[in-house]
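# Structural features, examined
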Amino acid sequence: MPEDENSQSDLYRIVSAELIKAASAITGFKLKKPQFASAANVSGIRTVELIFSQRHDSRTIFASDNSYGHGRKAGAWTGSDKTAIAACRAILGAAKIPPKEVAGVEVVSEMGQVSERVSDGEVRTHEPTVLRKLARASRTIEGIPVWHSYVNVGLNFQGQLGWLELHWPEIPLAIVKEGDVLRALVKRGFKAPDLPGARVEAVEAGFIHSPAIGFFMDIGAAIRIIYSGQQPSVGRKPLLYLDRHGNPVTLPRDIEPAKPAAGGRPTPHPPSAG
Amino acid sequence: MRYSTGGVRDYIPNGCGGPDLPQTIPEVRAFQSWYGMGGHVAVSTWENGNVWGSDFRDDGGDIDPSGGSDLPDIYLFAGHGSCESSPGAATDPDFIITCGNFGTPNVVNIGTSSRWGNGSGDLRFMFVDASCPMDLVSLANDWFPVFQGLHMATGHSGNSGADALDSPSRGSQLGARTTGLPFPLSWLYPQQSVGDAWMDAGTIDIQSGCSAVALAVGATEQDAVDRRENERVTDNRAKPAANWAAWKWRTA
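Rules used throughout
Residues numbered from 1 in each chain as written. Chains lettered and ligands numbered in written order. Predicted model: local features only at pLDDT ≥ 70, side-chain atom pairs only at ≥ 80, totals over all residues. Heavy atoms only, no water. Helix = DSSP H or I, 4+ residues; strand = E, 2+ residues; numbered from the N terminus. Rg over C-alpha atoms; globule rule 2.2 N^0.38 Å. Contact = heavy atoms within 4.5 Å. Areas by Shrake-Rupley, 256 points an atom, 1.4 Å probe, with all protein chains shown as cover. Lys, Arg positive; Asp, Glu negative; His and termini not counted. Charge placed at Lys NZ, Arg CZ, Asp CG, Glu CD. Buried < 20%, exposed > 50% of the residue type's maximum accessible area, 1.4 Å probe, protein only. Pairing = 2+ DSSP bridges. Domains from an automatic or database assignment. Buried area = accessible area lost by both parts, 1.4 Å probe. Salt bridge = Lys/Arg side-chain N within 4 Å of Asp/Glu carboxyl O. Polar contact = N/O pair within 3.5 Å; in protein donor to acceptor, adjacent residues only side chain to side chain. Nonpolar A, V, L, I, M, F, W, Y, C, P; charged D, E, K, R; others polar.

### Here we look at the overall build of chain B
- Of regular secondary structure, chain B possesses seven helices and ten strands.
- Taken over the C-alpha trace, chain B has a radius of gyration of 16 Å; the compact-globule value for 252 residues is 18 Å, and the two agree within 12%.
- For chain B, the C-alpha atoms occupy an extent of roughly 45 × 40 × 35 Å along the three principal directions.
- Across chain B, the fraction of contacts at a sequence separation of at least 24, relative to all contacts at a separation of at least 6, is 73%.
- For chain B, the computed accessible surface area is about 6500 Å², with 51% contributed by carbon and sulfur atoms.
- The average position of the 15 basic charges and that of the 29 acidic charges among the side chains of chain B differ by 6 Å.

Shown next as structure tokens:
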């Protein structure tokens, strides 16, 4: 990291008040005399238990209480769905997410199960239990899905915020307009290209952007084509993202990928047991 | 920690049926970048025909020095796997599907052929982004025997109508969330436990009804649950005894 102590100190003076204010408004976290750090495209504040960080290049926020979670001191919410949904909606409001972009808020239950090995050939599996309930908001713009935007909210056992991930980048108007063009093309029967070994399952226009953790924020509109394999038992379905001309769209990045290894793989010696 | 990746894009060109999966290669390369940033060391990073079925079989192939999956501490596989067409039975097998230029057969029955962490094997974390070879209904039967020192495995449960889509983001974000970034990114993008990271990353670009699954074992129920919830790749915990298995899942 290029940041030295002086630049961190200057940054602290410039941005920490806003971070503290945002943390309080959005999460309810009161971070008194927090530590501050900034690196690459993200800055944040923390105390011993609480962390609030925010990307500089995107409306993306991470907040967590390290005592939150199943089996941890503050526990995780498994109660009423309404409580989790209300908390998520309050955060959406506090983060100034445009209400018309909220396609819905649903509760996702994280389930857990255990199994005991009784003997070499026998296992005893117990009933599944709900480990935690998360409220998750999804996004559309003018009815067009933004596939990778979300707000995930986890509450602790008492119903207070334990974990938040908000990834809702601003979409420029030109891209919104392009999404509208692509949707119209789909409605008119956009012809998906053939893919060897697969058939078209679904065609839809939408917006794509980089994932929450990463050093890039690429945003675009695309027609997404989901293919299913001709052998249904073979999993992982191919996807194509195409532009208005039917050309592939470069997918949003999060990190610069590693360079491929050079050379071929040597044929091994005869295997030994292991 | 030492890690390896195996990404298989080319099935059809190498005569393995299909379809091809173009995003597996960016996926494993992004994972490598995150793990490099976290200070981990690559053991092998083979792609396409250089990823062999034998890499995942306990017949000596998994400790093959040129790329066996039991050599590193962490292995990410991105490619095809098996998916039942409808909800399966507890005895249904789970498969990883490669398209190798050696080490055939390419279809690996995990429950009968894969054993990780035994003998001179070191694997602690097996990440399978192949949909759907962690079928919940058969998980205990198929995966209990696999854990011979392995700490945790992650994958998907689903079927042909509720599958994972070919996306680079699951493996990449799993890498970002688990690697343990250098300070101060380490707390700005906090390192997650393997189980929590996969619940978040494994649900990216999957169809409704498909589940991200994380499985751990332990000497006791408490130990298995603790590993499922809290174990990080950098914890350097001891090999677990596989008396109990604990898994969790989140369904899209």
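Read on for the rest.
### A word on the pairing of strand β3 (residues 74-78) of chain B
Residues and elements named next belong to chain B.
- In terms of burial, β3 is largely enclosed, as five of its five residues are buried.
- Every second residue of β3 is oriented toward a common face, with Ile 74, Leu 76 and Ala 78 on one face and Tyr 75 and Phe 77 on the other, all of them buried.
- The pairing of strand β1 (residues 2-7) with β3 spans five bridges and is parallel. Within β3, the residue paired with Tyr 3 across the bridge is Ile 74.
- As judged from the five bridges shared by β3 and strand β7 (residues 125-129), these two strands associate in the parallel manner. Bridge pairing links Tyr 75 to Met 126 in β7.

### Things to note about the sheet that holds strand β5 (residues 95-97) of chain B
Residue and element names in this part refer to chain B.
- The three strands are arranged β4-β5-β6 in an open sheet whose pairing can be described as antiparallel. The outermost strands of the open sheet, each flanked by one partner alone, are β4 (80-81) and β6 (107-109).
- Bridge count for β4 against β5 is two bridges, and the pairing is antiparallel. Its bridge partner being in β5, His 80 is matched across the sheet by Ile 97.

### Observations regarding the domain arrangement of chain A
All names here are of chain A.
- Under the domain assignment, chain A is made up of domain 1 (8-167) and domain 2 (173-242).
- Put simply, the middle of domain 1 and the middle of domain 2, counted by C-alpha atoms, are 28 Å apart.
- On the side of domain 2, 21 residues touch domain 1, which itself brings 19 residues to the contact.
- Both sides together, the interface formed by domain 1 and domain 2 hides about 1600 Å², and carbon and sulfur atoms give 61% of it.
- The interface formed by domain 1 and domain 2 holds zero salt bridges in total.
- The tally of links from domain 1 across to domain 2 stands at twelve residue pairs in polar contact (both at pLDDT 80 or more).
- Those elements that provide at least two residues to the side of domain 1 that touches domain 2 are β4 (60-65), β8 (144-145) and β10 (161-167).
- Taken together, the residues of the side of domain 1 that touches domain 2 break down into eight nonpolar, seven polar and four charged.

### Quick word on the environment of Arg 183 of chain A
All names here are of chain A.
- Looking at where Arg 183 falls in the secondary structure, it is placed in helix α3 (residues 173-187).
- Judged by relative accessible area, which is 23%, Arg 183 ranks as partly exposed.
- Distance from Arg 183 to Ala 221, taken between C-alpha atoms, is 9.8 Å for residues 38 residues apart in sequence.
- If near-sequence neighbours (up to four positions away) are discounted, Arg 183 is found in contact with Glu 142, Gly 143, Ile 144 and Ala 205.

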